[in-house]
Amino acid sequence: MSAVRSVTCCNTHTPSFTSHFILIFLLIWLITCRPWAVSRDLHLRANLGRMTKMSESRMEFRLKNTPSDCIQSVKFGPSSSQFLLVASWDKSVRLFDVVNNNMRLQYQHSGPVLDCCFQDAVHAYSGGLDGQLKTFDLNTNTESVVGAHEAPIRCVEFCPEVNMVITGSWDSNVKLWDPRGPREVGTFQQPSKVYTMGLSGEKLVVGTLYRKVIVWDLRNMGFAQQRRESSLKYQTRCIQCFPNKQGYVVSSIEGRVAVEYLDPSPEVQKKKYAFKCHRLKEDGIEKIFPVNAISFHNGYNTFATGGSDGYVNIWDGFNKKRLCQFHRYPTSISSLCFSNDGNTLAIACSFMYEQEKIDPMPEDCIFIRRVTDQETKPK
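None of the values given here were measured: they were computed from a predicted structure.

*Asks:* How should I be thinking about unusual backbone geometry in this particular structure?
*Replies:* For residues that are not glycine, phi is negative in most cases, and the peptide bond is trans in most cases. That bond from G181 to P182 is cis: its omega, -10°, falls within 30 degrees of zero. Turning to its location among the elements, P182 is positioned in the loop between β12 (173-178) and β13 (183-189). Phi at N101 takes a positive value of approximately 50°, unusual for a residue other than glycine. Tracing the backbone through its elements, the reader meets N101 in the loop between β4 (92-97) and β5 (102-108). Residue classification places N101 among the buried positions, given a relative accessible area of 15%.

Written out as structure tokens, the structure reads:
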């Protein structure tokens, strides 16, 4: 019996010795090898960060010689992603060659410029606080005053379907201009100050003070096709139309966007909806930012929104999805524009004075981003 007890005793002590040996081996491995593993992980993370930044810089760059005051509008040419018109509160309209990253030319107004557009590859139109509509020949560097409103011109658009330049003003009027003259061909009263306009083929959608939305047919301006009220509760900031002509998107100062349809039938109107966006939670408090800019991708009918939170989001409006969000920009997004082919997005950043004044003030700047199908195509 004692022999059996002795064997049992030996067997109980053997695992204890083995366990100690394994623990000592693990400690030695951790001391000698783990620092190398941590170092390797840190090295990989650093490389990954550098690669992300390099990839970001290849996809996006900042334009040189941009305006020195708030950038109000950016517009690509009608058939090329090379040239960009920029309207600014520094009283200038500038033409940029984004491929070569240089400013080709600029011309002046007597006051801040609130909007601009291309008529074609060589003719630009612009208007602003001086109330004048100007045209500029980009080939001959000559400008002329086409006409005027009685108050600042807030919106300038060109409609190729009817070959008309359209202006919307704080004098509560929309005017049509024939670029062949150029001359004014009609004045059409709106309910109040014009804040924003969107084009959908021959349809013109006008957003005014007091959240009114008026739909016009540019082929017959004798009467308004529809008179609506925005489904958003607060002041309208921007309206843009779907390229497929089915409807429009409207944004407000209260971090919301609504998708609306032009067909007035009850079946179609059931599809309309609104959603919250451009809101940030900081220290447990939700901060709500205006949605200042909307731009559509012509090919996919998806759209980008830019807010005073400094973010740009891409949305699939028909499937009610956010496709992606870009990195945060230095300050508020004041204007956005997709190029006609949808491969490039111009992003204007300017402090919009909706928050307390920042010291130092962020610079006004424009970023040119090469966008991919992964970012803009419906999934």
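On we go.
*Asks:* Would you take a moment to explain the sheet that holds strand β3 (residues 83-88) for this structure?
*Replies:* Consider a sheet: its strands pair through backbone hydrogen bonds, and that pairing is either parallel or antiparallel. Overall, antiparallel pairing links the 4 strands, which are arranged β2-β3-β4-β5 in an open sheet. Across the chains shown, the open sheet's two edge strands, defined by having one partner strand only, are β2 (71-76) and β5. On average, each strand axis in the sheet is tilted by 20° relative to the strand beside it, whichever way the strands run. Here 6 bridges tie β4 to β5, and the two strands are oriented antiparallel to one another. Bridged to V93 within β5 is Y107.

*Asks:* I keep staring at the confidence of the model for the protein and nothing clicks. Help me out?
*Replies:* Interpretation of this model should avoid reading the predicted coordinates in detail wherever pLDDT is low. Model confidence for the protein is summarised by a mean pLDDT of 89, while 85% of its residues fall at 70 or above. Taken as a whole, residues 1-17 scores under 50 in pLDDT and shows 0 contacts with residues more than four places along the chain or in a different chain. Ignoring residues within four places in sequence, the model shows residues 30-55, a span with pLDDT below 50, making 3 contacts including any to other chains.

*Asks:* Would you explain the sheet that holds strand β29 (residues 344-349) in this entry?
*Replies:* Sheet architecture is open: 4 strands sit in the order β1-β30-β29-β28, paired in antiparallel fashion. Looking at the sheet topology across the chains shown, the edges are occupied by β1 (60-62) and β28 (333-338). Neighbour-to-neighbour, the strand axes of this sheet turn through a mean angle of 20°, independent of strand direction.

*Asks:* Just checking my understanding: could you explain the layout of surface pockets for this structure?
*Replies:* To find leftover empty space, a probe the size of one water molecule is rolled over the atoms. Quantified by volume, the second largest pocket comes out at close to 180 Å³. Lining the second largest pocket are 13 residues; nearest its centre among them are F83, L95, F118, A121 and L138. Residues belonging to the lining of the second largest pocket are distributed by class as follows: 8 nonpolar, 4 polar and 1 charged.

*Asks:* Help me understand the packing of aromatic side chains in this model?
*Replies:* Given two aromatic rings, one states the distance between the centres and the angle between the planes to describe the pair. Following the criterion strictly, the structure yields 11 aromatic pairs and no others. Pairing Y261 with F318 gives two aromatic rings, centres 6.4 Å apart and planes at 45°, and the pair type is tilted. Pair noted here: Y261 is in strand β20 (residues 256-261) and F318 is in the loop between β26 (312-316) and β27 (321-325), with a separation of 57 residues, a long-range link. Residue class for Y261 comes out buried when judged on its relative accessible area of 7%. Of the aromatic side chains, those joined through ring pairs into one cluster are F242, Y261, F296, F303 and F318. Over the ring of Y273 we find K320, and its NZ or CZ is 4.7 Å from the ring centre. The residue whose ring lies beneath R369 is F326, and the NZ or CZ to ring-centre distance is 3.9 Å.

*Asks:* I would appreciate a short explanation of the state of the cysteines in the present structure.
*Replies:* Each disulfide consists of a covalent bond between the sulfur atoms of two cysteine residues. If you walk through the whole model with that rule in mind, you get 0 disulfides. Free of any disulfide, C349 has its nearest neighbouring cysteine sulfur in C365, separated by 4.3 Å. The exposure class of C365 is buried, given its relative accessible area of 1%.

*Asks:* Which parts of the structure should I look at to understand the nonpolar core?
*Replies:* Across soluble globular proteins, nonpolar side chains show a tendency to be buried alongside one another. V312, F326, Y329, L336, L345 and I347 are the most contacted members of the largest nonpolar core, which has 17 residues in total. Contributing elements (two or more residues each) for this core: β26, β27, β28, β29 and β30 (365-370). Excluding anything up to four places from it in sequence, L345 contacts F76, A304, V312, F326, L336, C337, F338, F367, I368, R369 and V371. V174, M197, I214 and W216 belong to the second-largest nonpolar core, a separate cluster that totals 16 residues.

*Asks:* How do you make sense of the pairing of β12 when you look at a structure like this?
*Replies:* A regular strand places its side chains on the two faces of the sheet in alternate fashion. With respect to burial, β12 is a largely interior element, 6 of its 6 residues being buried. As paired elements, strand β11 (residues 164-169) and β12 share 4 bridges and run antiparallel to each other. Each residue of the ladder has a partner; that of G168, found in β12, is V174. In this structure, β12 lies alongside β13, joined through 6 bridges in antiparallel fashion. Its bridge partner lying in β13, L176 is registered against G186. Count of turn residues in the β12/β13 antiparallel hairpin: 4 residues.

*Asks:* When you look at the pattern of salt bridges in this model, what are you seeing that I'm missing?
*Replies:* Two side chains of opposite charge can pair, provided their charged atoms sit close to one another. Counted under the stated rule, the structure contains 21 salt bridges. The salt bridge partner of D217 is R219, with a shortest N-O separation of 2.8 Å. Overall, the relative accessible area of 8% leaves D217 in the buried class. For R219, a relative accessible area of 57% corresponds to the exposed category.

Reading guide: rules and limits
- Residues numbered from 1 in each chain as written.
- Predicted model: local features only at pLDDT ≥ 70, side-chain atom pairs only at ≥ 80, totals over all residues.
- Heavy atoms only, no water.
- Helix = DSSP H or I, 4+ residues; strand = E, 2+ residues; numbered from the N terminus.
- Buried < 20%, exposed > 50% of the residue type's maximum accessible area, 1.4 Å probe, protein only.
- Pairing = 2+ DSSP bridges.
- Axes fitted to C-alpha atoms, helices over the stretch in contact; angles between N-to-C directions.
- pLDDT = per-residue confidence, 0-100.
- Contact = heavy atoms within 4.5 Å.
- 1 Å grid on protein atoms, 1.4 Å probe; cavity = no way out; pocket = protein on both sides within 12 Å on 5 of 7 lines; lining within 4 Å.
- Points joined across faces, edges and corners; volume = space filled by probe spheres on them.
- Nonpolar A, V, L, I, M, F, W, Y, C, P; charged D, E, K, R; others polar.
- Phe/Tyr/Trp six-rings, centres within 6.5 Å; stacked < 30°, edge-to-face > 60°.
- Lys NZ or Arg CZ within 6 Å of the ring centre and 35° of its normal.
- Disulfide = S-S within 2.5 Å.
- Core = buried A, V, L, I, M, F, W, Y, C linked by side-chain atoms within 4.5 Å.
- Salt bridge = Lys/Arg side-chain N within 4 Å of Asp/Glu carboxyl O.

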